[in-house]
Amino acid sequence: MAVSGARAMNEMPGTGLADLGIVELAGLVAAGTVKAEEVTQACLARIANREPEVCAWAHLDADYALAQARALDAHRASGRPLGPLHGVPIGIKDIIDVRGLPCERGTVLDQGRRPGDDAAVVARLRAAGAVILGKTVTTELAVYAPGKTRNPHDPARTPGGSSSGSAAAVAAGMVPGALGTQTNGSVIRPASFCGVYGFKPSHDLVSRRGVLTESPVFDSLGTMARSIEDAALLADVIAGYDPADPWMRTTGSPKLHETATTEPPVRPTLAFVRTPVWDRTDEDTRAGFAELCDALGDSIDEVALPEPFDRAIELHRTVMNADIARHFARYYDTGHDRLSARLREIIEDGRGVLAVDYILAKEWIDILNAALDQIFDRYDAIVTPAAPGEAPGLASTGDPAFCTIWTYCQVPAVTVPLMVGDDGLPIGVQLVGRRGQDGRLLRTARWLVGELATHA
């Protein structure tokens, strides 16, 4: 296994429009070099070629997508201003409402559901000129039971979950970017397994209105793309205050893309954190991080988390399971026998959580963030695995444990496809930043990609 060879995992074959990134496609459409309809047709052609093997899409309507693209081309021809994603197709995870498309959330209990309104993030995408290409596969109610999607690099392996279709669609070149969600490890893990960039913002940065609620304490909207710049631009579009989401604070524009694409004022220093679940890593992951630390030299130090972090996974489970029991009560009460055994177990466990334990588990979020702040006072970002190693087989969506602490702390995280395992499959390197400093995290991640390229 090697860090230096990992960048090749992220290079898509071919030179067609479907292989270009978000920033480049938006520039070409804005300049009139290509039309939105041409870009959309290129993505649909790639889907026709790869979808039988990958199975990334829950709902896809070519006429619906092309009608949007033609309307956007007419808009441009009129001379009116263009949005930052004008003519760029985007995939939407199938727990996010899109007006006019089914949103069945990976369960037969929502079969035939068609929302009448767009989720807040979809409305922002439309305002930015994006083409809503279709709905990507999710696991059952965005929890653990696998969907139909396969890993584009090896169909016998999982793409991860629960944002399985979004990660696989981007990795297979079907769409330049897609939205996912994360309540535990559902953006970072599939991005790692599929070899794409996955960004989970700080908890209060993106509105959850119109998105299936699992745990409002942890639910986050994230982006998947084939570069840091693309993931940042897509996140910039969907970020912003929404008074209908009570978990958000009034803030100005985060300017993620602008910050991510600037050079750091000083050379970043990183903290390598093994986390309490380091013993779950594969041998090639351990070897890869040893090589990564050697390559970065004085720019990285190993830092141990204090003892209270050993409880973070348990604390996260307490809150998440109780919240799932609350928000999925109607599924359990009316369709108990149509739920997977794993989801029934989670709901039943959540129904047994004591109020005092739930409250205490939430209070520890700020306590652990105070400890993280001491690390971020010295280091620009934490570096840690995104997953134990390469994608496992199809029986599960993989272990989310390397994401759990950071989701629990509501901090931003991004995974970068920097490693290749012994079987030739991607392994992501996760970077974690201070809560609310998402742009700085993305800038540091972009620096890391460039820095390691010089060692290739």
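Everything below is about the structure printed above this text.
Since the model is a prediction, treat every value here as computed from it, not as a measurement.

(A) Spotlight on the overall build of the protein. The number of helices and strands found in the protein is 15 helices and eleven strands. Radius of gyration (C-alpha) of the protein: 20 Å, near the 23 Å computed for a compact globule of 456 residues. For the protein, the proportion of its 456 residues judged to be buried stands at 61%. If you take every contact in the protein between residues at least 6 apart in sequence, the share linking residues at least 24 apart comes to 78%. Across the protein, 44 positive and 58 negative side-chain charges occur, with their mean positions spaced 5 Å apart.

(B) Here's a closer look at the nonpolar core. Counting residues in each nonpolar core, the largest one holds 111 residues, and the members touching the most others are Leu85, Ile96, Leu125, Leu372 and Leu431. Leave out the neighbours within four places in its chain, and Leu125 touches Leu85, Ile90, Ile92, Ala130, Ile132, Leu179, Leu234, Val237 and Ile238. Residues Ile47, Val54, Trp57 and Ala169 belong to the second largest nonpolar core, which totals 27 residues.

(C) Inspection of the packing of aromatic side chains at higher detail. Counted according to the given criterion, the structure contains five aromatic pairs. Geometrically, the ring pair formed by Phe272 and Phe289 is stacked, given 5.6 Å between the ring centres and 15° between the ring planes. On the criterion of sequence distance, the pair formed by Phe272 in strand β7 (residues 270-272) and Phe289 in helix α9 (residues 283-296) is long-range, its members being 17 residues apart. Residue Phe272 shares its accessibility class with Phe289, and that shared class is buried. Chaining the aromatic ring pairs together yields one cluster made of Phe272, Trp278 and Phe289. The lysine or arginine in question, Arg342, covers the ring of Tyr144, its NZ or CZ lying 4.1 Å from the ring centre.

(D) Examining the pairing of strand β11 (residues 426-432) more closely. Here β11 lies mainly inside the structure; seven of its seven residues are buried. Of the two faces of β11, the one lined by Pro426, Gly428, Gln430 and Val432 and the one lined by Ile427, Val429 and Leu431 are each fully buried. Inspection of the sheet shows strand β9 (residues 381-385) paired to β11 by four bridges, in the antiparallel sense. Across the sheet, Ile382 pairs through a bridge with Val432, a residue of β11. Counting the residues that bridge the hairpin from strand β10 (residues 413-420) to β11 gives five residues, and of these Gly424 lies at a positive phi of roughly 80°.

Calculation criteria
- Residues numbered from 1 in each chain as written.
- Predicted model: local features only at pLDDT ≥ 70, side-chain atom pairs only at ≥ 80, totals over all residues.
- Heavy atoms only, no water.
- Helix = DSSP H or I, 4+ residues; strand = E, 2+ residues; numbered from the N terminus.
- Rg over C-alpha atoms; globule rule 2.2 N^0.38 Å.
- Buried < 20%, exposed > 50% of the residue type's maximum accessible area, 1.4 Å probe, protein only.
- Contact = heavy atoms within 4.5 Å.
- Lys, Arg positive; Asp, Glu negative; His and termini not counted.
- Charge placed at Lys NZ, Arg CZ, Asp CG, Glu CD.
- Core = buried A, V, L, I, M, F, W, Y, C linked by side-chain atoms within 4.5 Å.
- Phe/Tyr/Trp six-rings, centres within 6.5 Å; stacked < 30°, edge-to-face > 60°.
- Lys NZ or Arg CZ within 6 Å of the ring centre and 35° of its normal.
- Pairing = 2+ DSSP bridges.

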